[in-house]
There are 4 protein chains.
Amino acid sequence: MKRIGIMMNASKPHALQVAKELMQLLCEKNAFVLLEQDLASVLGRDDCGIPLKDFPSRVEIVFVLGGDGTLLGVGRELAGAKLPILGINTGNLGFLSEAEPDNLGSAVDRVLNNDFCIEERMMIDAECIRNGEIVHRGTAFNDVGIAKGSFGRIVNCSVSMDGMFLGSYSGDGIIVSTPTGSTAYSLSCGGPIVWPGFQAILLTPICPHTLTSRPMVLPAESELEVRVSAAHHEMGMTIDGQIGFEIHEGDLIRIRRSQNQTYLVKWRERSFFEVVRKKLHGDEKG
Amino acid sequence: MKRIGIMMNASKPHALQVAKELMQLLCEKNAFVLLEQDLASVLGRDDCGIPLKDFPSRVEIVFVLGGDGTLLGVGRELAGAKLPILGINTGNLGFLSEAEPDNLGSAVDRVLNNDFCIEERMMIDAECIRNGEIVHRGTAFNDVGIAKGSFGRIVNCSVSMDGMFLGSYSGDGIIVSTPTGSTAYSLSCGGPIVWPGFQAILLTPICPHTLTSRPMVLPAESELEVRVSAAHHEMGMTIDGQIGFEIHEGDLIRIRRSQNQTYLVKWRERSFFEVVRKKLHGDEKG
Amino acid sequence: MKRIGIMMNASKPHALQVAKELMQLLCEKNAFVLLEQDLASVLGRDDCGIPLKDFPSRVEIVFVLGGDGTLLGVGRELAGAKLPILGINTGNLGFLSEAEPDNLGSAVDRVLNNDFCIEERMMIDAECIRNGEIVHRGTAFNDVGIAKGSFGRIVNCSVSMDGMFLGSYSGDGIIVSTPTGSTAYSLSCGGPIVWPGFQAILLTPICPHTLTSRPMVLPAESELEVRVSAAHHEMGMTIDGQIGFEIHEGDLIRIRRSQNQTYLVKWRERSFFEVVRKKLHGDEKG
Amino acid sequence: MKRIGIMMNASKPHALQVAKELMQLLCEKNAFVLLEQDLASVLGRDDCGIPLKDFPSRVEIVFVLGGDGTLLGVGRELAGAKLPILGINTGNLGFLSEAEPDNLGSAVDRVLNNDFCIEERMMIDAECIRNGEIVHRGTAFNDVGIAKGSFGRIVNCSVSMDGMFLGSYSGDGIIVSTPTGSTAYSLSCGGPIVWPGFQAILLTPICPHTLTSRPMVLPAESELEVRVSAAHHEMGMTIDGQIGFEIHEGDLIRIRRSQNQTYLVKWRERSFFEVVRKKLHGDEKG
């Protein structure tokens, strides 16, 4: 009997309805279902609620109801576990979700019949080092951003790769992203779209002062070190644009490939390019 | 006898030496010199120190020692007065300064002999309106920026021009700039270079989420209204990247051409394009 | 009695049906109608066919059936005459057309009742000078392009404005465009969107070798001179991307504002920004 | 005794002087030297001249005197052979050359002492298929370009990757490039800089009509198929911007990783990023 976990973004009202339907469908098919405890409580099923952190030991696959933002958070939380994640998109079309609420039955059948593949997505670790000590640490699914605040003027990021000086970026900051993150913030800053199964690290300057500063595609195994300085003191480091840390003049940010990955459930026939076209081009015809 | 005012950025040590030389040169030529009071005090000449705000009634022309940043501040402070400003560049090559410390003698001669022309540069006024009341107000020489903070994710700016809905920009924010400001922050965000004598308002999105959002060149007489909203609450409005105001969800920013202008002293033979090439291309040969 | 001319792009089959309906509507309302002679012949109405070049002396307003491409050609042909042009869009949404075939009745009524305004759109003249003689000449509504051929590698354009050296562009070439042309080829090359009623000349480099070469917004009254050179000999000058001339190493292209303008019929309530949003953003809701 | 081949771009006069010096240095060190036959003839040393195509069987390493353009040609010619190539840059700073004429002695010593490393650079093969037959074929070191001619307006490239529809690009064309080619034409079109040792294929649209068309980084093992169409008939395919083929409406271009690679001689201490900074930023200080 397949053991399934369900996780939901409680702030999306539509998701709750989908959660109910999903639970019913899974029970009809005799799957064993556990719910993230907040969701369990909302559904009045505290009996099958457990904390997200216990999912790895208790379930074989996780359904995540929400948008790309919800999936990013789950991806980070489950990063250490090799637990496949299936996104059910209850918001706008997303890059990470694979199923739509309209096809819930089909999604359930495929999962129970093992009719899916798993895409391994690389993640990156970031550490902020101050006076020789690690003061912040995080693992990103999309990207690590280093940026000035709204009143700040210019942050300077001096970047090296594996000990070689790479370049110095003055402007609004830089983004270091995974292939998955290439379609997120990096794209808005002029970065390329990277095939998601690829192993690479993307370095994209944000509104660089120097017009010759350009996005760079670097080996996945490279270690980046970023030394920050700014005329004004308001600077931040963000993980997937969701978690923020204050950083100081002279801090060193070290970024490298994470030992963890995210395991996304994907149907075979659906194409990354189709999502790119639909999301970016507004092209429904493909 | 020509009445000259001198203003300096006290934080630039090199500028002080230039100030001394300039004062001596002007005295030798029998000009009447007044100093901004902080500079007067540093030079031990409190006898000829007056506040910057009194310059318009007391002097005919102002020498500003510093970089483009210093000149922006002086331009804003003297915006109401039709006082010609000559920038003596004590830092890196600038777009606004016209003279270099090496040619101080020549600059003084030209000014005393009225051998120069005056470029009128348009400015823009910004008001932030909250619950029907103006809570912040400023006049910009370069630009008015509306931007998210370092931890914020997306700010949405819904812009109208003269009452027509222009477009909605989601991303890091927008910049509304004068032609003078086109070579500043707007350029880093992908905006065009606008001939400085032009009358136009430039609207440049900052890292827009929607790839089809593009810089726009609008009539100088248009009135822009920007309604801001954000998922996170950290947002700011900046004047020339130098003065910052906190703004709130739902604030309305109104931007229009200022009645004031800045009057820059320019030699006839020096070309805007030459500075563009030198600054941007690193091309010393022209 | 209003004298109306009708012109059509004969290669668009749908346009013919619209032409018939339009003619019938106009006749019912007792307008006096003349047809461009090719259209007249297709409709079997040679009795009211005249050459397009005779329109200025015979009609007061011209209906153009087709897309933006058709309208560009008519605009150039009628450039010398102050003849209002109304585009009826029989293809995709266009920037220049104002009416859709669905609203033909309403368009006819507005024209006959003088319920419209006229937007004057500036044009630019280009001359190609070889050994002191003008060898090609044209007037553009959108843009003048100077570009390498498909096998050529790099064309170098050395540009001056009013006798001042502006800059040197190595790459695929340059585009000099009107505000109207800012939403055409120039936009694909990274140029800004210019408000169409504006008076300005836009200079946009095409895939420049030097990353610091950027689009420039220049005064409408400036005269540009472009000296071309290329390692390979295949180079062309195009007018609105529709008319092509071969150009040679060392040719001088002179571009300036035309004395002629195009007079577009516009309803008051329709907005340029609405078309920008629909065309570029795929946003039908506005 | 090390067997060395020398190849030169005969059109660069400075290169000849360097060739003489190089030959003398190598002879002094008792290397066995063969010259490409055109060079041999210019130097009056027909006795040691052989065709370039015989280099693989006769020499162990090739010195190439010229610029990046010369090296591209040699790389293509020697693609099948695993022959290390050392570029001696007689023109501007290049991405491919490793040595400068000023350090000829040191370069010779390092080569003779095997004090160098070899960077393997991937290449791509392109075939143009018409009515089921291959009509053109080429191997590119930098890139394969598919582009409209100077009078053409728009070429449409419909691209698939491994049988999946990737997207449709309307505009000036597309470039498919290797990591090595990322700093060439692709960069001018807005592509990212790809670390040269990387295994990837880069697809960059040239001035795309659709603003949402963006550069893509794809797996090195992917096979791209491009179906071309155009309103006007002038279209070309280029190999490294140096070899051109005419292509027709409906042609299919198939591009995939080549079985061949280029083997560049590199000193260990020189960094790719240093060249990027110097070439693009004009920054000599690094």
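What you see is a predicted model; the values in this text were computed from it and never measured. (Residues numbered from 1 in each chain as written. Chains lettered and ligands numbered in written order. Predicted model: local features only at pLDDT ≥ 70, side-chain atom pairs only at ≥ 80, totals over all residues. Heavy atoms only, no water.)

Moving on, we come to the interface of chain A and chain B. Contacts between chain A and chain B engage 27 residues on the former and 27 residues on the latter. When the buried surface of chain A facing chain B is broken down by residue, Ser150(A), Phe151(A) and Cys207(A) rank first, second and third, together holding 29% of it. Joining chain A to chain B, the criterion identifies zero salt bridges. In this structure, the connection of chain A to chain B is made through four residue pairs in polar contact (both at pLDDT 80 or more). The set of elements that each furnish at least two residues to the side of chain A that touches chain B consists of strand E8 (143-148), helix H6 (185-188), strand E16 (235-239) and strand E17 (243-247) of chain A. Broken down by element, the residue count for the side of chain A that touches chain B peaks at four residues, all from E16(A). The residue inventory of the side of chain A that touches chain B, partitioned by class, reads 13 nonpolar, nine polar and five charged. (Contact = heavy atoms within 4.5 Å. Buried area = accessible area lost by both parts, 1.4 Å probe. Salt bridge = Lys/Arg side-chain N within 4 Å of Asp/Glu carboxyl O. Polar contact = N/O pair within 3.5 Å; in protein donor to acceptor, adjacent residues only side chain to side chain. Helix = DSSP H or I, 4+ residues; strand = E, 2+ residues; numbered from the N terminus. Nonpolar A, V, L, I, M, F, W, Y, C, P; charged D, E, K, R; others polar.)

With that settled, consider helix H5 (residues 104-112) of chain B. Residue and element names in this part refer to chain B. Residues of H5 that are buried include every one of Leu104, Ala107, Val108, Arg110 and Val111, and no others. The buried side chains of H5 occupy one side of the element, clustering within an arc of 165° when seen end-on. Contacts from the buried residues of H5 go to strand E1 (3-8), helix H1 (13-28), strand E4 (61-66) and strand E5 (84-89). One or two positions beyond H5, positive phi appears at Asn114, with a value near 55°. (Buried < 20%, exposed > 50% of the residue type's maximum accessible area, 1.4 Å probe, protein only. Arc of directions from axis to C-beta.)

Mapping chain A onto chain B calls for a screw motion: a turn of 180° about the axis and a shift of 0.0 Å along it, with 0.0 Å RMSD after fitting. What we have between these two chains is a two-fold relation. Of the C-alpha atoms belonging to chain A, the one lying closest to the rotation axis is found on Gly149(A), 2.2 Å away. Interface residue correspondence from chain A to chain B reaches 100%, placing this contact among same-surface, isologous pairings. (Least-squares fit on C-alpha atoms with pLDDT ≥ 70 in both.)

The next point concerns unusual backbone geometry. The phi angle at Asp162(A) is positive, at roughly 50°, despite the residue not being glycine. Its place among the elements puts Asp162(A) in the loop between strand E9 (155-161) and strand E10 (164-171). For Asp240(B), which is not a glycine, the phi torsion comes out positive at approximately 55°. When you line up the elements, Asp240(B) lands in the loop between strand E16 (235-239) and strand E17 (243-247). The exposure class of Asp240(B) is buried, given its relative accessible area of 5%.

Across the sheet, seven strands lie side by side as E17(A)-E16(A)-E8(A)-E11(A)-E13(A)-E14(A)-E12(D); this open sheet has mixed pairing. Both edges of this open sheet fall to E17 of chain A together with strand E12 (193-194) of chain D, since each of them pairs with a single strand only. Bridging between strand E13 (residues 200-206) of chain A and strand E14 (residues 216-219) of chain A involves four bridges; their strand directions are antiparallel. Counted as the bridge partner of Ile201(A) is Leu218(A) from E14(A). (Pairing = 2+ DSSP bridges.)

Listed per partner, the contact involves 32 residues of chain D and 32 residues of chain A. Both sides together, the interface formed by chain D and chain A hides about 2,700 Å², and carbon and sulfur atoms give 69% of it. Between the two partners, chain D and chain A, sit zero salt bridges. Where chain D meets chain A, there are 14 residue pairs in polar contact (both at pLDDT 80 or more). Sorting the residues of the side of chain D that touches chain A by element identifies strand E10 (164-171), E12, strand E14 (216-219) and helix H7 (272-281) of chain D as the ones contributing at least two each. At five residues, the largest contribution of residues to the side of chain D that touches chain A is made by H7(D). Here the residues of the side of chain D that touches chain A sort into 20 nonpolar, ten polar and two charged. Of the strand pairs in this sheet, E14(A) and E12(D) are connected by two bridges, and their pairing is parallel. In the sheet register, Met216(A) faces E12(D), and the bridge partner there is Ile193(D).

Quick look at the UniProt feature "active site" (unreviewed entry) in chain A now. Residue and element names in this part refer to chain A. Here the UniProt feature "active site" (unreviewed entry) sits at Asp68. Inspection of the secondary structure puts Asp68 in helix H4 (residues 68-77). Residue Asp68 is classed as partly exposed on the basis of its relative accessible area of 22%. Discounting chain neighbours no more than four positions away, the residues touching Asp68 are Gly94, Phe95, Leu96 and Ser97. (UniProt positions renumbered as here; feature names shortened; annotations may be inferred.)

Now for the sheet that holds E14(D). With mixed pairing, seven strands are arranged side by side in an open sheet as E12(A)-E14(D)-E13(D)-E11(D)-E8(D)-E16(D)-E17(D). Strands at the two margins of the open sheet, each flanked by one partner only, are strand E12 (193-194) of chain A together with strand E17 (243-247) of chain D. Pairing of strand E16 (residues 235-239) of chain D with E17(D), which is carried by five bridges, proceeds in the antiparallel orientation. Bridging from a neighbouring strand, Met235(D) pairs with Ile247(D) of E17(D).

Right, let's talk about the domain arrangement of chain A for a bit. All names here are of chain A. The domain boundaries assigned to chain A delineate domain 1 (3-116 + 267-281) and domain 2 (123-259). If you average the C-alpha positions of domain 1 and of domain 2, the two centres end up 30 Å apart. When domain 1 packs against domain 2, close to 1,100 Å² is buried across both sides, 77% of that on carbon and sulfur atoms. Per-residue buried area on domain 1 facing domain 2 is highest for Leu72, Arg76 and Phe272; these three make up 55% of the total on that side. For the pair domain 1 and domain 2, the number of links is one salt bridge. Here Asp240 makes a salt bridge to Arg76, at a shortest N to O gap of 2.7 Å. Scanning the region where domain 1 abuts domain 2 turns up three residue pairs in polar contact (both at pLDDT 80 or more). (Domains from an automatic or database assignment.)

A few words on the packing of H1(B) against H5(B). Residues and elements named next belong to chain B. At a minimum axis distance of 10 Å, the contact between H1 and H5 shows a crossing angle of 45°. Taken together, the axes of H1 and H5 are oblique relative to one another. Viewed along their axes, H1 and H5 form a crossing whose handedness is right-handed. Residues Val18, Glu21, Leu22, Leu25 and Leu26 of H1 pack against Leu104, Gly105 and Val108 of H5. (Axes fitted to C-alpha atoms, helices over the stretch in contact; angles between N-to-C directions. Parallel < 35°, antiparallel > 145°, perpendicular 65-115°, else oblique. Left-handed = near helix turned anticlockwise from the far one by under 90°.)

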